[in-house]
Amino acid sequence: MAKGSSKVRYDQSSFVYGSSRLRRCWAAVAATSGDDDERETATAPSDDERETAAAPDGDREYMKALSGKTVQNAFLAQHRPRARHSTRYPSDFCALNTRSMRSFQECRLRLADTSVKWLNTIPTAWISSGKQAVSCNAAQGSSVVSSSAKVDFLKLQNGSDIRGVAVAGVQGEPVNLTERVTEAIAAAFAAWLLNKKKADGLRRLRISIGHGSRISAHKLQNAVTLGITAAGHDVLQFGLASTPAMFNSTLTEDEINHCPVDGAIMITASHLPYNRNGLKFFTSDGGLNKAGIKDILERASRLYEESSHGSIQELEQASKGEVTNVDYMSIYASDLVEAVRKSAGNKENPLEGLHIVVDAGNGAGGFFVDKVLKPLGAVTTGSQFLEPDGMFPNHIPNPEDKTAMKAITQAVIDNKADLGIIFDTDVDRSAAVDSSGRELNRNRLIALMSAIVLEEHPATTIVTDSVTSDGLTAFIENKLGGKHHRFKRGYKNVIDEAIRLNTTGEESHLAMETSGHGALKENHWLDDGAYLMVKLLNKLAAARILNPNAGSKILTDLVEGLEEAAVTVEIRLKLDQNHADLKGGSFRDYGEAVLKHLENAISKDENLRKAPKNYEGVRVSGYGGWFLLRLSLHDPVLPLNIEAPSKDDAIKLGLAVLTAASEFSALDITALNKFLQQ
């Protein structure tokens, strides 16, 4: 047994996915559908889900009103001590009489009732194994759905992720990511993974599970664990983790800590409101694409449907999967520390004397202070919101959010820090602030990363999303000597395009979106907010070898010469699907018609020039600036981005769009009119 890990075995004879009927169903699902080896372009909802909402104070009272057992067990799950020994459930813990149960749901409820009673009698050491939250399933009665309820699994798909409502209490948002649904999805992922690896049904997979700080994290972690272990596969529970670390666990060579794993699941919903949650899936090839997610949801739907019918039969040979707790974030963080030390000639404390503050937004990024910066010698006083809190009480953990950026900027100024770092909820995005309080995000962060990468790989191609500025293009191509390849919105689109370019012989080492998602070829094309910040720290550490007083001005100087627009705005033009012009039709077809009409109108205006190479929507330059009107892949919305040297010039660009858009009655142009009238 590895130090820092603990292992238990689930006796599946009592779990919903442990029945012989479901095992036959699971095996049948595993045998269907082709494997998903081809990469397809899949747009992640990086722009369409950025409408966030702060949790009202009343929701805190709602949480306090939850069952006492739920609160107790959630507390135990969050604050359990780390086990240092092997732990196994007693063999009679799950010895339930399945003969008399008429449905899977009855089995689940009886197990839940038993587990609550059992929890009150077990030693603390057993609680530390991480399985105590099984009893949360019992207390969360509101999340249990009827076995006959119909679930539209495909509605849970959001690009290359799964997203849903996991916590009740918000009016008009019924819970659709229940524990039973989550169990089915987890079992379906295991089936999909077996199929991808072309393994037979007897192969035991090893799958890692991590979660963010959301209040539904523990119950979904246990649902995922049940779905996988009941199918006969092993689980590594990482607890609070970052999304990049989960992918990394499929690559780490560490036999003592049971890595690499065959697949990984991250329970997260990025920066969305507290009642949401979701799942991200990884193999050693990277994150799953849109086609892979659809395949898994279709399998899950069949599993769920099958498990809701018929009686449970006596189990002769129950499937058993082992669950092991691993402190993987320490392993992941140690790799980041070594990367910085290496850049500084293997100096033990290359950041000694530097004052760096971190804002984790009460997400999963707090580890960066204690596990990365302090071991490197940095001073971290003034770091804030490091404690995980799924209600996100201080600000939305989003590097694009103005309030969030104001918070980290103020922390830098108040503490007279050399550098500020901010992460999103699950640490796959990040941004920085220099010692003067200047924000290094969006186009500036891409410019900074481009400068670093092009020093290492001259003339390489930088792939970005579609809303990057003309000033960034000039900076990359004219000052840095690289090539700017502006592609579609969505981090998965950008990353996949960079990978595609490399296969065609065009070298690309950086794929980055204005949202803060950034992936490097050297880091397996993983969009890792912590790794991006490590690249900045590498630059600082190397500079301090020559000049011990070097600070963040080293970074600021790298983006000198980047032209930035005085006016930058995004306006969302919504399509009214109930309008007579659109009712019964496709909002996508209607939106495409709007774009085509705009394109034709632009061709007749001598002051405007359509971009010669464009992959999304209609991008036009004129009046010293540019605009982009595109169609959202997920919502009936046409986002309009405008950048210009003055408000008057921005209005001229907006009027060009308004003239064409006014002819489409189902397109709500209220927001555009408001901007033009300011």
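Scroll up a little and you will see the structure.
Residues numbered from 1 in each chain as written. Predicted model: local features only at pLDDT ≥ 70, side-chain atom pairs only at ≥ 80, totals over all residues. Heavy atoms only, no water.

Undergrad: I'm lost on the overall build of the chain in this one. Help?
TA: Assigned secondary structure in the chain consists of 21 helices and 24 strands. Intrachain contacts of the chain at a sequence separation of at least 6 include 74% that bridge at least 24 residues. Counting only carbon and sulfur atoms, one obtains 48% of the accessible surface of the chain, whose full area is about 26,400 Å². (Helix = DSSP H or I, 4+ residues; strand = E, 2+ residues; numbered from the N terminus. Contact = heavy atoms within 4.5 Å. Areas by Shrake-Rupley, 256 points an atom, 1.4 Å probe, with all protein chains shown as cover.)

Undergrad: I tried to follow the sheet that holds strand β16 (residues 508-512) on my own but got confused; where do I start?
TA: Read across the open sheet, the five strands follow the order β15-β14-β16-β17-β18; overall the sheet is mixed. Pairing within the sheet leaves two strands with one partner each, and these edge strands are β15 (483-486) and β18 (526-527). With three bridges connecting them, β16 and strand β17 (residues 518-520) associate as antiparallel partners. The residue of β17 that forms the bridge with Ala511 is Ala519. Sheet contacts for helix α14 (residues 442-456): β14 (461-464), β16 and β17; angle to β16, the most-contacted strand, approximately 170°. (Pairing = 2+ DSSP bridges. Axes fitted to C-alpha atoms, helices over the stretch in contact; angles between N-to-C directions.)

Undergrad: Help me understand the environment of Gly490 in this model?
TA: Residue placement: Gly490 occurs in the loop between β15 and α16 (491-503). The exposure class of Gly490 is buried, given its relative accessible area of 0%. (Buried < 20%, exposed > 50% of the residue type's maximum accessible area, 1.4 Å probe, protein only.)

Undergrad: How should I be thinking about helix α19 (residues 587-602) in this particular structure?
TA: An α-helical turn contains 3.6 residues, so a residue and the one three or four places further along point in the same direction. Helix length check: α19, at 16 residues, gives a terminal C-alpha distance of 23 Å against a target of 22 Å (1.5 Å per residue), a fit within 8%. Looking at α19, one finds that the buried residues are Phe587, Tyr590, Gly591, Val594, Leu595, Leu598 and Ile602. Seen from one end, α19 has its buried residues packed into an arc of 140°, which puts them on one side. With a side-chain oxygen lying 3.1 Å from the backbone nitrogen of Arg588, the N-terminal cap of α19 falls on Ser586. (Expected span 1.5 Å × (residues − 1). Arc of directions from axis to C-beta. Polar contact = N/O pair within 3.5 Å; in protein donor to acceptor, adjacent residues only side chain to side chain.)

Undergrad: Just to check I follow, could you spell out unusual backbone geometry for this structure?
TA: Across residues other than glycine, the phi torsion is negative in most instances, and most of the peptide bonds are trans. A cis amide bond, omega 10°, links Cys259 with the succeeding residue Pro260. Take Pro260: it is sitting in the loop between α9 (243-248) and β6 (263-267). Phi at His258 is positive, roughly 65°, even though this residue is not glycine. Tracing the backbone shows His258 in the loop between α9 and β6. Positive phi, close to 55°, is recorded for Trp525, a residue that is not glycine. When you line up the elements, Trp525 lands in the loop between β17 and β18. A residue is classified by how much of its surface remains accessible, and Trp525, at 15% relative accessible area, is buried.

Undergrad: Help me understand the environment of Arg429 in this model?
TA: Along the chain, the position of Arg429 falls in the loop between β11 (419-423) and β12 (430-434). As for Arg429 and Ser515, which are separated by 86 residues in sequence, their C-alpha atoms are 7.3 Å apart. In this structure the side chain of Arg429 is engaged in a polar contact, spanning 3.0 Å, whose partner is the side chain of Asn398. Among the polar contacts made by the side chain of Arg429, one reaches the main-chain carbonyl oxygen of Ser515 at a distance of 2.9 Å.

Undergrad: Looking at this structure, how should I read the packing of aromatic side chains?
TA: Two descriptors summarise a pair of aromatic rings, namely the distance from one centre to the other and the angle between the planes of the rings. Under the criterion given, the structure shown has ten aromatic pairs. Both rings, one in Phe238 and one in Tyr328, keep their centres 4.8 Å apart while their planes meet at 10°; by these two values the pair is stacked. With Phe238 in strand β5 (residues 234-240) and Tyr328 in helix α11 (residues 328-343), this pair connects stretches of sequence that are 90 residues apart. Both residues of the pair, Phe238 and Tyr328, belong to the buried class. Ring centres of Phe367 and Phe368 lie 6.2 Å apart, and the angle between their planes is 85°; this geometry places the pair in the edge-to-face category. Stacked on the ring of Phe675, the Lys or Arg Lys647 has its end atom at 5.1 Å from the ring centre. (Phe/Tyr/Trp six-rings, centres within 6.5 Å; stacked < 30°, edge-to-face > 60°. Lys NZ or Arg CZ within 6 Å of the ring centre and 35° of its normal.)

Undergrad: I keep staring at the sheet that holds strand β23 (residues 637-644) and nothing clicks. Help me out?
TA: Sheets are built from strands paired through backbone hydrogen bonds, the pairs being either parallel or antiparallel. The sheet built from six strands is open, its strands ordered β20-β21-β22-β23-β19-β24 with antiparallel pairing. Both outer strands of the open sheet, β20 (609-610) and β24 (667-668), are each paired with one neighbouring strand and no more. Sheet strands in contact with α19 are β19 (567-575), β20, β21 (618-622), β22 (625-629), β23 and β24, and its direction is about 150° off that of β22.

Undergrad: Just to check I follow, could you spell out the nonpolar core for this structure?
TA: A general tendency of soluble globular proteins is for nonpolar side chains to be buried together. Counting 69 residues, the largest nonpolar core has Phe367 and Phe368 as its most contacted members. Once you skip the residues sitting within four places of it in the chain, Phe368 turns out to touch Leu336, Val358, Leu373, Ile421, Phe423, Ala530, Met533, Val534 and Leu537. With 37 residues, the next largest nonpolar core counts Phe587, Ala644, Val657 and Phe664 among its residues. (Core = buried A, V, L, I, M, F, W, Y, C linked by side-chain atoms within 4.5 Å.)

Undergrad: Sorry, what's going on with the pairing of strand β3 (residues 161-165) here?
TA: Looking along a regular strand, one sees the side chains alternate between the two faces of the sheet. Of all five residues that make up β3, five are buried, and the element is covered over most of its length. Strand direction decides the pairing type here: strand β2 (residues 157-158) and β3, joined by two bridges, are antiparallel. By the bridge assignment, Gln157 is partnered in β3 with Ile162. Count of turn residues in the β2/β3 antiparallel hairpin: two residues, of which Gly159 carries a positive phi of about 65°. Note: β3 against strand β7 (residues 276-283), four bridges, orientation antiparallel. Residue pairing across strands places Gly164 opposite Asn277, the latter belonging to β7.

Undergrad: Would you mind going over the pattern of salt bridges with me for this structure?
TA: Opposite charge on two side chains makes pairing possible when the charged atoms of those side chains draw close. Scanning the entire structure with this criterion turns up 31 salt bridges. Where Asp295 meets Arg299, a salt bridge forms, and the shortest distance between an N and an O atom there is 2.9 Å. One end of the pair is Asp295 and the other is Arg299, both in helix α10 (residues 290-307) and four residues apart, which spans about a single turn. Classification of Arg299 as buried rests on a relative accessible area of 0%. With its nearest N and O atoms 3.8 Å apart, the salt bridge here joins Arg489 to Glu513. Pair noted here: Arg489 is in the loop between β15 and α16 and Glu513 is in the loop between β16 and β17, with a separation of 24 residues, a long-range link. (Salt bridge = Lys/Arg side-chain N within 4 Å of Asp/Glu carboxyl O.)

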